[in-house]
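Here's the letter readout for the chains.
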Amino acid sequence: MREEVTCPICLELMTKPVFIDCGHFYCQSCILENLENQQQKSPSQENYHCPVCRAQFQRESIRPIKQLESIIDTIKKMEQELLCEKHQEKLCLFCEDDVQLICWYCERTPQHKGHTTVLVADACQSYKETYQNTLAYLREQEEQYKKWQMDIREEIEDFQDDIREEEECIKYSFKVFHMILHMEEKSYLWRLENEKEQVLKRLQDSEAQLEKQSQELNKLILELERKCQGSAQELLQDVRDTLDRISAMKLNAPEDVSLEIHAIPDVDSIFCELIKLFETNYVKVTLDPDTAHNNLLVNKDENEVTCGFPRVKYESPARFKDLPCILGCEAFTSGKYAFEICFCKGSEWDVGVCLENVPRDNNTRRDPESGFWAIRKRKDEYEALTYPLTPLSLQDINYIVVSVDYESGFISFYDSVSCSHIFTFPKASFCQPIRPYFLIGANSFLSTCSPDF
């Protein structure tokens, strides 16, 4: 109750309590003095602000509250009349040994005999100084905590600014990378086109020269055939000129033009350097026949799988029982990996990764919570196996790259033909090995014939 009737301005029990429109209570003298201070700062103002909530009010709205005065008087009397519970005498002494208020009867009891006692007023002054010193220390601590909080907020803001700058830097850097690669691509294509034009021109010139010689040869052949079929006079007419032309005619072999193409980048070397730069291991997935459902047929090279009729296979705890699924042999436990799936033909398939110990003998839901990160094709619809499912806007796609970043917890999918991003699952935390995962529907076919790097 004392806290409720303490003036927020002077922090003492209210004297002549009044209240304003917002419902806050003050000493009459305190609120009027506050109004005078506000008036001095802004002489023309008619509305004032509540010192607690800053709500506006007018001087005329200040109203006394008599009921609160009686409560305050009662509290004052209660504070003045603190009596010893045992002797019902006024607590006028303070026992320094027991650190408690006592009455003059208590001082003479065996409990306090020989103890150092002082008057309440004297003890109050001493402890008041102690409290004030402690209060000063606590306020210093409060200021220190505020400073620490402010420093942390500044660090947070600075760090977030640094992150934003780095994010923009990364985006810009990769934009430059893309631009450089695009420029290199255009350069190699231009050189290839230029080389094509030069070689074709030489070949076409040789072809034109041969055509010209062929026409002259045919002309001479026709002339000789006509002379041979004519009379003796026609045969012997201009015989010297004819023989001179025959002997003067030379057949020139076409120019030997090299067809070797030189404007070819060393793609393997560039690719190896990129792999080293980005620390991504490109792996060729081998299918694990021990995990293959009875409806799946794996070829002898273990890089192609087809769904067909059921086959009798030996029992294996790793084999899928309910759905036509199969896993890759490779297990990822750290690092960054990428593998390519080719020829995903058919109307039903899943491609992705899963935890090594996912259930094999029940038709469990396929989503990250169940240990699966995959995309799916059903007829002409594509979906990411989130919960609920995420539709994907894709056309027919047959070449998919699956990217695994084990430490970061990201699984991403790309179209390796258009080099476009398909989908990335929300960040996960892997606690066990993950393996390539595939589901092959009826009359569907899948190959893992990734190129060797």
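Residues numbered from 1 in each chain as written. Predicted model: local features only at pLDDT ≥ 70, side-chain atom pairs only at ≥ 80, totals over all residues. Heavy atoms only, no water.

### As for the overall build of the protein chain
Counting its regular elements, the protein chain contains 7 helices and 22 strands. Since a compact globule built from 453 residues should have a radius of gyration of about 22 Å, the 48 Å found for the protein chain marks it as more spread out than a globular shape. In terms of principal-axis extent, the alpha carbons of the protein chain reach across some 170 × 75 × 45 Å. Looking at the protein chain residue by residue over its 453 residues, the buried ones come to 29%. By element, 54% of the accessible surface of the protein chain is carried by carbon and sulfur atoms, the whole surface being about 30900 Å². Separation of charge centres in the protein chain, based on 51 positive and 79 negative side chains, amounts to 3 Å. (Helix = DSSP H or I, 4+ residues; strand = E, 2+ residues; numbered from the N terminus. Rg over C-alpha atoms; globule rule 2.2 N^0.38 Å. Buried < 20%, exposed > 50% of the residue type's maximum accessible area, 1.4 Å probe, protein only. Areas by Shrake-Rupley, 256 points an atom, 1.4 Å probe, with all protein chains shown as cover. Lys, Arg positive; Asp, Glu negative; His and termini not counted. Charge placed at Lys NZ, Arg CZ, Asp CG, Glu CD.)

### Points about the sheet that holds strand β21 (residues 434-440)
If you trace the 6 strands from one edge of the open sheet to the other, you get β12-β21-β14-β15-β16-β17, paired in antiparallel fashion. Every other strand in the sheet has two partners, leaving β12 (325-327) and β17 (390-392) as the edge strands with one partner each. The mean angle between the axes of side-by-side strands here comes to 20°, regardless of whether they run parallel or antiparallel. As paired strands, strand β14 (residues 348-355) and strand β15 (residues 372-378) are joined by 7 bridges and run antiparallel to one another. Note that in β15 the partner of E348 across the bridge is R378. (Pairing = 2+ DSSP bridges. Axes fitted to C-alpha atoms, helices over the stretch in contact; angles between N-to-C directions.)

### Concerning the side chain of T242
For T242, the location among the structural elements is in helix α6 (residues 239-248). Those residues in contact with T242, other than ones at most four positions away along the chain, are E223, L224 and K227. (Contact = heavy atoms within 4.5 Å.)

### Let's talk about the pattern of salt bridges
Applying the stated criterion to the full structure yields 16 salt bridges. In this structure, D205 and K201 form a salt bridge, with 3.2 Å as the shortest nitrogen-oxygen distance. Of this pair, D205 and K201 both sit in helix α4 (residues 120-229), 4 residues apart, which is roughly one turn of that helix. The exposure class of D205 is partly exposed, given its relative accessible area of 41%. With a closest N to O distance of 3.5 Å, E369 and R365 form a salt bridge. Residues joined by salt bridges that share partners form a network here, namely D288, E356 and R435. (Salt bridge = Lys/Arg side-chain N within 4 Å of Asp/Glu carboxyl O.)

### A closer look at the pairing of strand β18 (residues 399-405)
Among the 7 residues in β18, 5 count as buried, and that is most of the element. Pairing analysis gives 6 bridges linking β18 to strand β19 (residues 410-415), with the strands arranged antiparallel. What sits directly across from S403, in β19, is S412. Taking the residues that link successive antiparallel strands as the turn, the β18-β19 hairpin has 4 residues, and the phi of G409 there is positive, at about 80°.

### Some points on the packing of aromatic side chains
This model, assessed by the stated rule, comprises 13 aromatic pairs. In this structure an aromatic cluster arises from ring pairing among F332, Y337 and F339. The ring of F320 carries R360 above its face, with NZ or CZ at 5.2 Å from the centroid. Its guanidinium or amino end placed over the ring of Y387, R365 lies 4.0 Å from that ring's centre, counting from NZ or CZ. (Phe/Tyr/Trp six-rings, centres within 6.5 Å; stacked < 30°, edge-to-face > 60°. Lys NZ or Arg CZ within 6 Å of the ring centre and 35° of its normal.)

### Some thoughts on unusual backbone geometry
Each neighbour pair has its own omega, and for Y387 with P388 the value is -5°, a cis peptide bond. Residue placement: P388 occurs in the loop between β16 (381-384) and β17. Not every positive phi belongs to a glycine, and E302 is a case in point at roughly 60°. You can see E302 is positioned in the loop between β10 (296-298) and β11 (304-307). The exposure class assigned to E302 is partly exposed, which follows from its relative accessible area of 26%.

### Examining the side chain of H112
Looking at the element boundaries, H112 is found in the loop between α3 (104-107) and β8 (117-119). Since its relative accessible area comes to 2%, H112 is described here as buried. If we skip the residues at most four places from it in the chain, H112 touches C95, D98, Q100, I102, C106 and E107.

### Regarding the nonpolar core
Burial of nonpolar side chains together is a common tendency in soluble globular proteins. Counting 48 residues, the largest nonpolar core has F339, V402, I411 and F438 as its most contacted members. Listed in part, the 19 residues of the second largest apolar core include V5, F57, I62 and I72. (Core = buried A, V, L, I, M, F, W, Y, C linked by side-chain atoms within 4.5 Å.)

### Describing a nonpolar patch on the surface
Among the surface-exposed residues, I170, F174, F177 and I180 lie close enough to one another that they form a single nonpolar patch of about 350 Å² accessible area. Within the element layout of this structure, I180 appears in helix α4. By relative accessible area, which is 41% here, I180 ends up partly exposed. (Patch = residues over 30% accessible without salt bridge, like charges linked within 9 Å, V, L, I, M, F, W, Y side chains within 5 Å.)

### Description of the environment of L439
One can find L439 in strand β21. On the accessibility criterion, L439 (6% relative accessible area) is buried. Placed 90 residues apart in sequence, L439 and W349 show a C-alpha to C-alpha distance of 5.1 Å. Discounting chain neighbours no more than four positions away, the residues touching L439 are L323, P324, C325, E348, W349, D350 and R378.

### Notes on the sheet that holds strand β5 (residues 63-64)
If you trace the 3 strands from one edge of the open sheet to the other, you get β2-β1-β5, paired in antiparallel fashion. If you trace the sheet from one side to the other, it starts and ends with β2 (25-27) and β5, each paired once. Strand direction decides the pairing type here: strand β1 (residues 17-19) and β2, joined by 3 bridges, are antiparallel. Within β2, the residue paired with F19 across the bridge is F25. Where helix α1 (residues 28-41) meets the sheet, it contacts β1 and β2, and its direction lies at approximately 90° from that of β2.

### Quick notes on α4
The end-to-end C-alpha distance of α4, which contains 110 residues, comes to 157 Å, matching closely the 164 Å that a straight helix rising 1.5 Å per residue would cover. Contacts made by the buried residues of α4 are with β6 (93-95), β8, α5 (232-236) and α6. (Expected span 1.5 Å × (residues − 1).)

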